[in-house]
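# Close look at the chain arrangement
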Amino acid sequence: MTSKVTEESLGYEQARDELIEVVRRLEAGGTTLEESLALWERGEELAKVCRRWLDGARARLDAALAEEEGTVVDAGGDGE
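Just so you know, the residues in each chain are numbered from 1, in the order the chain's sequence is written. The predicted nature of this model means local features are confined to residues of pLDDT at least 70 and side-chain atom pairs, given and counted, to a pLDDT of 80 or more, with totals for whole chains, interfaces and linings taken over all residues. Side-chain descriptors were evaluated using all non-hydrogen atoms of the structure, hydrogens and water having been removed beforehand.

## Focus on the nonpolar core
As a rule of thumb, nonpolar side chains are buried together in soluble globular proteins. By size, the foremost hydrophobic cluster in this structure holds 7 residues: L10, A15, V22, L39, L46, V49 and C50. Broken down by element, the residue count for this core peaks at 4 residues, all from helix α3 (residues 33-69). Remark: nonpolar core denotes a set of buried residues (Ala, Val, Leu, Ile, Met, Phe, Trp, Tyr, Cys) joined through side-chain atoms within 4.5 Å. The rule is simple: take the accessible area with a 1.4 Å probe, protein chains only, and divide by the maximum for that residue type; under 20% is buried, over 50% is exposed, in between is partly exposed. Strands here mean DSSP runs of E at least two residues long; helices mean DSSP runs of H or I at least four residues long; both are numbered from the N terminus.

## Some words on the confidence of the model for the protein chain
Per-residue confidence for the protein chain averages 87 on the pLDDT scale, and 78% of its residues sit at or above 70. On a range of 0 to 100, pLDDT expresses the predictor's confidence in each residue. Summarising per-element confidence for the protein chain, the mean pLDDT is lowest in helix α1 (residues 4-9) (62) and highest in helix α2 (residues 12-28) (98).

## As for α3
Helix span is expected to be 1.5 Å times the residue number reduced by one. End to end, α3 covers 53 Å across 37 residues, agreeing with the expected 54 Å (1.5 Å per residue, within 8%). Three or more residues of α3 are buried, namely L39, R42, G43, L46, V49, C50, A59, D62 and A66. The first or second residue beyond α3 is G70, which carries a positive phi of 80°.

Below, the structure is given as structure tokens:
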């Protein structure tokens, strides 16, 4: 599979598109158990990349909204 450096350099759309392809291949079947496990593991990695991007986007939105309201929100939190 890909290295950690490559994973971290993936943009959200790239990771999402690759994840869609992984899911499509798993749903289509026809792969060996070993191939299926490798695809599953890659899918998990890609899902984590997507989640990090989405969490970062949420933090940025929360911070921008808080700035508009004149309050400070912890960028590491969920804003709730």
